[in-house]
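Spelled out from the first residue to the last, the chains are:
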Amino acid sequence: MWIDLLQLINFRSYGKRSFRLKEGTNLITGPNGAGKTNLLEAILFASTTASHRTSGNSKLLREGEEAFSVKAGAFGRKGRFRVEVVYRKGSGTKVRVNSSPVKRESLLAGFPAVMFSPEDIDVVKGPPSGLRRMFNINICQLCPRYTAGLIKYRRALQERNTALKKGGTAGLEPWTGILRKYSEELTGERKRFLERLGRVMREVAEEIGLESPPEIHYRPSRYRESSLEKDIEAGFTTWGPHRDIFIFLESGRNMRDTGSRGQARMAAILYRVSLWRMLRESSGTEPVFLMDDVFSELDPEKRRLVAGCVSARQTLLTAARPPEELEGKANVIRLR
Ligand SMILES: Nc1ncnc2c1ncn2[C@@H]1O[C@H](COP(=O)(O)OP(=O)(O)O)[C@@H](O)[C@H]1O
Ligand SMILES: [Mg+2]
């Protein structure tokens, strides 16, 4: 897939702005604060209806505005199509494809994008909450069933927590049973995703000659006999996928404790490259590849390595100044 036209209205620093993009490499340059990351974030938002930087969509609204939209024209497997994602305070996010309203799930598979950003490194080295959020967004991209399951789970969790807040066991049923069922479904999807991811990560690691690739350890949080008592005491649900633990391991050691920034960077690259390949397989089209600030974060060797592992129809890179290696090879978009 590749995007030829991008239109932003009230997205972060943008009032109203259009961009013409080309197939191949697009370089977005401009000084710090010019809106380079915002532009990539807008594409990722149109692809996933979520931001990699914030969980609240209202933060993406240009200050003082009530609604924003990201529109894109793109070429996919079946020719050109148009995508429009609109967020309005109070009524949430709405998606249209070729002017017809569609569910979020149907967009996720048809408009795939993957981004590598410096923030990934902090996520890999960070607490489970960041990893849960990252994996949730990416499993949703790969598996529409997971998106639906996550929505059901969150609703049931809210109902059960409301009952727990009121105290006692009244109103807890049927929510415990429902939540346990939805939990098992999500846990199963997460396991399948991580198994597939592990295989692809090992495959990529072998291609690039990385001897002991990082692994991801998954510790699901499950309902136990003692859970009910614990929940009543705490006043909220203390188990379930919203409490699952994910850990990036380097030679069997938790990267959060021992990993260097270099190791975490390598793990993040491997993750994004693998995700790109998985998404290509499930969507049947090459996802757009977005690379934020890679020239400050990755040395030339690692950049070549990424380029060798990802054969995107379209790549968007950001850099404060146009790097020599791209001279004459990229469509340059200057922001100021
Ligand atoms: N919701 C928002 N409303 C208005 N401006 C915003 C919003 N969010 C971020 N910005 C502005 O966007 C700019 C940062 O843009 P960014 O894309 O991160 O820059 P860079 O080119 O360095 O990547 C900052 O000036 C920031 O104030
Ligand atoms: Mg930036």
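In the block above lies the structure referred to throughout.
1. Digging into the site of ligand 1
So, point 1. Not every one of the 14 residues close to ligand 1 is listed here, only the nearest: Arg12, Ser13, Lys36, Thr37 and Asn38.
So, point 2. Here the residues of the shell around ligand 1 are counted per class, giving two nonpolar, seven polar and five charged.

2. A short note on the sheet that holds strand β5 (residues 79–88)
So, point 1. Overall, antiparallel pairing links the six strands, which are arranged β2-β1-β4-β5-β6-β7 in an open sheet. The sheet is open, and its two borders are formed by β2 (16–20) and β7 (100–102), each paired with just one other strand. Within the sheet, the average angular offset between the axes of one strand and its neighbour, ignoring direction, is 20°.
So, point 2. Pairing of strand β1 (residues 2–9) with strand β4 (residues 67–76) involves seven bridges; the strand directions are antiparallel. Bridge pairing in β4 places glutamine 7 opposite lysine 71.
So, point 3. Across the sheet, helix α1 (residues 36–48) touches β1, β4 and β5, and the angle it forms with β4 is around 80°.

3. With respect to the nonpolar core
So, point 1. Core analysis: the biggest nonpolar cluster contains 76 residues, and Ile43, Ala46, Ala267, Val288 and Leu290 have the highest contact counts within it.
So, point 2. By residue number, the principal contributor to this core is helix α9 (residues 261–283), which donates twelve residues.
So, point 3. Inspection of this core shows a minimum of three residues originating in each of domain 1 (1–112 + 321–336) and domain 2 (125–260).
So, point 4. For alanine 46, the contacting residues outside a window of four places in its chain are Val70, Ala72, Val83, Val85 and Phe111.
So, point 5. With six residues, the next largest nonpolar core counts Tyr153, Ala156, Leu179 and Leu186 among its residues.

4. A short note on the pairing of β2
So, point 1. As paired elements, β1 and β2 share five bridges and run antiparallel to each other. Across the sheet, the residue bridging to leucine 8 is arginine 17, located in β2.

5. Looking at unusual backbone geometry
So, point 1. The step from glutamate 173 to proline 174 runs through a cis peptide bond, and the omega angle for that step is 10°.
So, point 2. By the secondary structure assignment, proline 174 is in the loop between α5 (144–166) and α6 (175–208).
So, point 3. In this structure, serine 251 takes a positive phi of about 50° despite not being glycine.
So, point 4. Assignment of secondary structure puts serine 251 in the loop between β10 (245–250) and β11 (253–254).

6. Focus: the environment of glycine 168
So, point 1. Mapping glycine 168 onto the fold places it in the loop between α5 and α6.
So, point 2. Separated by 67 residues in sequence, glycine 168 and glycine 235 have C-alpha atoms that sit 9.2 Å apart.

7. Description of the packing of helix α4 (residues 128–142) against α9
So, point 1. The geometry of α4 relative to α9 is characterised by a closest axis approach of 9 Å and an angle of 25° between their N-to-C directions. One way to sum up the angle between α4 and α9 is to call them roughly parallel. Contacts from Asn138, Gln141 and Leu142 in α4 reach Leu275, Met278, Leu279 and Ser282 in α9.
So, point 2. Classifying every residue of the contact of α4 with α9 by side-chain character gives four nonpolar, three polar and no charged.

8. Re α6
So, point 1. With 34 residues, α6 should reach 50 Å at 1.5 Å per residue; the first-to-last C-alpha distance of 48 Å fits that figure.
So, point 2. By the burial criterion, the buried members of α6 are Leu179, Tyr182, Ser183, Leu186, Arg190, Phe193, Leu197, Met201 and Val204.
So, point 3. On the buried face of α6, the contacting elements are α4, α5, β9 (215–219), α9 and α11 (300–309).
So, point 4. Of the residues flanking the end of α6, it is glycine 209, one or two places downstream, whose phi is positive at about 75°.

Parameters and conventions
- Residues take numbers from 1 onward in each chain, read along the sequence in its written order.
- Here the convention is simple: chains get letters from A, ligands get numbers from 1, in the order in which they are written.
- For a predicted model such as this one, the threshold for reporting local features is a pLDDT of at least 70, and the threshold for listing and counting side-chain atom pairs is 80 or more; totals across whole chains, interfaces and linings nevertheless cover every residue.
- Only the C-beta atom matters for nearness: placed from the backbone, it must lie within 6 Å of the molecule or strand for the residue to count as near.
- Residue polarity is assigned by list, with Asp, Glu, Lys and Arg as charged and Ala, Val, Leu, Ile, Met, Phe, Trp, Tyr, Cys and Pro as nonpolar; anything else, Gly included, falls into the polar class.
- Strand pairing is assigned whenever DSSP identifies at least 2 bridges connecting the two strands.
- To qualify as a helix, a DSSP run of H or I must reach at least 4 residues; to qualify as a strand, a run of E must reach at least 2; elements of each kind are numbered from the N terminus.
- Note on geometry: axes are lines fitted to C-alpha atoms, helical ones only across the stretch in contact, with angles between N-to-C directions running from 0 to 180 degrees.
- By the convention adopted here, residues make contact when the C-beta atoms placed from their backbones lie within 7 Å.
- As used throughout, a nonpolar core is a set of buried Ala, Val, Leu, Ile, Met, Phe, Trp, Tyr and Cys residues joined through C-beta atoms within 7 Å of each other.
- Here a residue counts as buried when 20 or more other C-beta atoms fall within 10 Å of its C-beta, as exposed when 12 or fewer do, and as partly exposed in between; the C-beta atoms come from the backbone.
- Just so you know, the domain bounds were taken from an automatic or database domain assignment.
- Should an angle fall under 35 degrees it is called roughly parallel, over 145 degrees roughly antiparallel, and 65 to 115 degrees roughly perpendicular, with every other angle called oblique.
- The span expected for a helix works out to 1.5 Å for each residue beyond the first.

Note that every value here comes from positions in space, so none of it alone points to a role or purpose.
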